[in-house]
Amino acid sequence: MAKILNAPLTKNPYVLKWVEEQIALTTPDYVMWIDGSAEQLDQLRNEVCALPEGHNDKMYRLNQDKLPGCIYHRTLPNDVARVEGRTFICTPEKDGAGPTNNWMDPAEMHAKLNKLFTGAMKGRTMYVIPYSMGPIGSPLAKVGVELTDSIYVVLNMEIMTRMGKRAFENLGDENPDFVKGLHSKALVDPEERYIVQFPQENAIYSINSAYGGNVLLGKKCFALRIASYQGKNEGWMAEHMLILGVKRPGDDEVKYVTAAFPSACGKTNLAMLIPPKYYREQGYETFTVGDDIAWMKPGKDGRLYAINPENGFFGVAPGTNENSNFNALASTRKNTIFTNVAMNEEDNTVWWEGLTKEPPVFAREWKGAKVNGKAFVADGNKLAHPNSRFTAPAINCPCISPEFDNPQGVPVSAMIFGGRRESTTPLVYQSFDWVHGTYVGSAVSSETTAAATGEVGVLRHDPMAMKPFIGYNVGDYWAHWIEMGKILGDKAPKIFNVNWFRKDEEGHFMWPGFGDNMRVVDWILKRVSGEADAVETAIGYLPKPEDINLSGIEDEVSQETLAKLLSVDKDLWKKEVAQMRDYYAELTAGGAHIPQELYDVLDKIESKLG
Ligand code: SAT
Ligand code: MN
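Here goes a summary of the coordinates provided. All of these numbers come straight from a predicted model, not from anything done at the bench. (Residues numbered from 1 in each chain as written. Chains lettered and ligands numbered in written order. Predicted model: local features only at pLDDT ≥ 70, side-chain atom pairs only at ≥ 80, totals over all residues. Heavy atoms only, no water.)

**Points about the environment of arginine 124**
Next, step 1: Summarising the element assignment, arginine 124 is placed in the loop between helix 4 (106–117) and strand 6 (125–133).
Next, step 2: It is 38 Å that separates the C-alpha atoms of arginine 124 and glycine 354, two residues lying 230 residues apart in sequence.
Next, step 3: With sequence-adjacent residues up to four places away left out, arginine 124 is seen in contact with Pro28, Asp29, Tyr30, Asp57, Asp149, Ser150 and Lys185. (Helix = DSSP H or I, 4+ residues; strand = E, 2+ residues; numbered from the N terminus. Contact = heavy atoms within 4.5 Å.)

Next up, the structure:
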């Protein structure tokens, strides 16, 4: 019999019954309800840091003067990233999951999971974590309960969500509408690792992992996979988008844009953008509302309002430094959890590739071996795992938006898609309308970089940057986008596409990127408010060159380069359209029901290209 360490934090019979059933299944030695109090969390930190060296739950306190409240953890080398191959959407019919997801019959998957979870928490403690995705009291927020046998998960959920007793205030005593999440590290056996969503059951099961998006069930599993399905049924949108506020000197109000990019396209940088000197002197300011996920719903005034369902940043550490992303680095200087970075044993802090020029001499690489960091790196090794992470509270961010906790969310003026494309795609263009914008989102793709696959320049499709996160059939997801456009009508955000990665004939990037992306966002906001004209092309509206403000970078970006950045090569675009037809055909063969409206867009672009 499990020993219950403290009283349940809710009277909600649906929660109580479900928790009881999972206790009976997983048979933990102890059960602890996570109230979110400082005392309880401190006790857990002490417990996990006191574990012996080599224990795979172990965490370490870092230098409390330099990194107050910060702790360190390393996961097993077989468990360092999300595992898309072992992630399933279990809908009653295969068709419900569609061609972008792995599918298994729900009964079959339940039988498999039941076996794996039977007795999985024996000898361990089950932590019952109530959490809210979205601000407490927000009409857009949703409650989840995650059961886990990992203190690391509890401590991460505390940063990433509004966790503890207060989350039950959002649910109430009679409401069955919460997302059930069951997680066990079990034996961290990669052969039996499963991340499973049952959208129709509001349920998530995760076993044999202890890393990031596999186990922080509020993030990708709930806030994207389950929520995208809920949004389709309830008339809202869950998107893999950052939310950025921009205050222009002439405006009374901050304007908000959201943006979706595949990985390695500068999403965190745009979320925490610092305007270039010229813009700051003019009085431009930027505010981060979210760095990863946006939940969006039409408000009373008919506009689309966005909240960030999360409460922290789960960011990639390597490459983050004072110059590349000052705000992200600043966010990690207190109350942060570091996972799989290197330990700097000179002062008990952390290090990763790109943090500083010189690696520490006395170091532990991410797997825990003591090394001479300098020599280790000079030999071509990496001290930190390339996917090592920081889990940092959003309130640490110097440019966090004052609207971060606003339960109503912020009104979205523009949505931005983008990818990494050496050619074809101009610096920025605006879609003709919402349906065309939906097409643009469906066409999001990135060229693979050499490091990832060995093949350079191969297009990888990642529609709306949601490929591994759409909790249902991708065709129905696009239909839902089109439906939302009808609901929003002329209040709908304008949709744009950007490409920071176009190269010249010599293979050099033509656009400086980073803070200078403000210049593109500035044009986008001018379009939204009708301050800038545009050039109509076959693929959308492009800026007139004189409307992209180059003040301060005239030496870097010549008028000639700008013209190239804004050029549309008709032959390349004909190939692009043909390639999109192939992609749609492939999805259709896999069971996607692609809306006719998107084919109409293809026809229109094709006829304009001549
Ligand atoms: O591990 S997470 O899914 O949270 C981050 C990512 O892989 O995008
Ligand atoms: Mn993400």
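**Looking at the site of ligand 1**
Next, step 1: Within the structure, ligand 1 sits among Arg82, Gly212, Gly213, Lys219, Lys220, Phe314 and Arg389.
Next, step 2: In this structure, glycine 213 approaches ligand 1 through a main-chain N or O atom, which is 2.8 Å from an oxygen atom.
Next, step 3: In the complex, the protein chains occlude 87% of the 250 Å² of accessible area that ligand 1 would expose alone.
Next, step 4: Mapped by element, the contributors of at least two residues to the shell around ligand 1 are helix 7 (212–215) and helix 8 (218–234).
Next, step 5: Of the residues contributing to the shell around ligand 1, the split by class is one nonpolar, two polar and four charged. (Near = heavy atom within 4 Å. Polar contact = N/O pair within 3.5 Å; in protein donor to acceptor, adjacent residues only side chain to side chain. Areas by Shrake-Rupley, 256 points an atom, 1.4 Å probe, with all protein chains shown as cover. Nonpolar A, V, L, I, M, F, W, Y, C, P; charged D, E, K, R; others polar.)

**Notes on the packing of aromatic side chains**
Next, step 1: Applying the stated rule across the entire model yields 24 aromatic pairs.
Next, step 2: Taking 6.4 Å as the distance between ring centres and 80° as the angle between the ring planes, the aromatic pair formed by phenylalanine 261 and tryptophan 500 counts as edge-to-face. Here tryptophan 500 lies in the loop between strand 29 (494–498) and helix 16 (518–528) and phenylalanine 261 lies in the loop between strand 14 (255–260) and helix 9 (267–271), a separation of 239 residues in the sequence.
Next, step 3: Residue classification places tryptophan 500 among the buried residues on the basis of a relative accessible area of 7%.
Next, step 4: Taken together, the aromatic side chains of Tyr131, Phe222, Trp236 and Trp295 make up a single cluster linked through ring pairs.
Next, step 5: Across from the ring centre of phenylalanine 509, 4.9 Å away, lies the NZ or CZ of lysine 503, which sits over that ring. (Phe/Tyr/Trp six-rings, centres within 6.5 Å; stacked < 30°, edge-to-face > 60°. Buried < 20%, exposed > 50% of the residue type's maximum accessible area, 1.4 Å probe, protein only. Lys NZ or Arg CZ within 6 Å of the ring centre and 35° of its normal.)

**A word on the coordination of the manganese ion (ligand 2)**
Next, step 1: Each protein donor to the manganese ion (ligand 2) is listed here as Lys220 (NZ), His240 (NE2) and Asp292 (OD); together their distances run 2.0 to 2.2 Å.
Next, step 2: Taking relative accessible area as the criterion, lysine 220 reaches 8% and is therefore assigned buried.
Next, step 3: Taking the relative accessible area as the measure of exposure, histidine 240 reaches 9% and is therefore buried. (Donors = N, O, S within 2.8 Å, 3.2 Å for Na, K, Ca; no water.)

**Let's talk about the pairing of strand 25 (residues 410–418)**
Next, step 1: With nine of nine residues buried, strand 25 is to be regarded as a mostly interior element.
Next, step 2: As paired strands, strand 14 and strand 25 are joined by five bridges and run parallel to one another. Across the sheet, residue threonine 258 finds its bridge partner in strand 25, namely methionine 415.
Next, step 3: Bridging between strand 17 (residues 304–307) and strand 25 involves two bridges; their strand directions are antiparallel. The residue of strand 25 that forms the bridge with alanine 306 is valine 410.
Next, step 4: In this structure, strand 25 lies alongside strand 29, joined through five bridges in parallel fashion. What sits directly across from glycine 418, in strand 29, is valine 498. (Pairing = 2+ DSSP bridges.)

**Structural notes on the sheet that holds strand 3 (residues 59–61)**
Next, step 1: Spatially, five strands are ordered 3-4-19-24-18 in an open sheet, and the strand pairing comes out mixed. Each having just a single partner strand, strand 3 and strand 18 (312–316) make up the two edges of the open sheet. Strand-to-strand twist across the sheet, computed as the mean angle between neighbouring axes with direction ignored, equals 20°.
Next, step 2: Its contacts with the sheet put helix 2 (residues 38–49) on strand 3 and strand 4 (71–73), and the angle it makes with strand 3 is roughly 110°. (Axes fitted to C-alpha atoms, helices over the stretch in contact; angles between N-to-C directions.)

**Thoughts on the packing of helix 13 (residues 434–442) against helix 15 (residues 474–488)**
The relative placement of two packed helices is expressed as an angle between their axes plus a distance between the axes.
Next, step 1: Relative orientation of the contacting elements helix 13 and helix 15 amounts to 155°, with a least axis distance of 9 Å. Considered as vectors, helix 13 and helix 15 are oriented roughly antiparallel to each other. As for how helix 13 packs across helix 15, the hand of that crossing is right-handed. Contact residues: helix 13 offers Trp434, Val435, Thr438 and Ser442, while helix 15 offers Trp478, Trp481, Ile482, Met484, Gly485 and Leu488.
Next, step 2: Considered class by class, the residues forming the contact of helix 13 with helix 15 number seven nonpolar, three polar and no charged. (Parallel < 35°, antiparallel > 145°, perpendicular 65-115°, else oblique. Left-handed = near helix turned anticlockwise from the far one by under 90°.)

**Quick word on the sheet that holds strand 21 (residues 349–351)**
Next, step 1: Sheet architecture is open: four strands sit in the order 21-20-22-23, paired in antiparallel fashion. The strands lining the two open edges of the sheet, one partner per strand, are strand 21 and strand 23 (370–372). Taking the axes of each pair of neighbouring strands and ignoring which way they run, one obtains an average angle of 40° across the sheet.

By themselves, these are just geometric observations and shouldn't be taken as functional.
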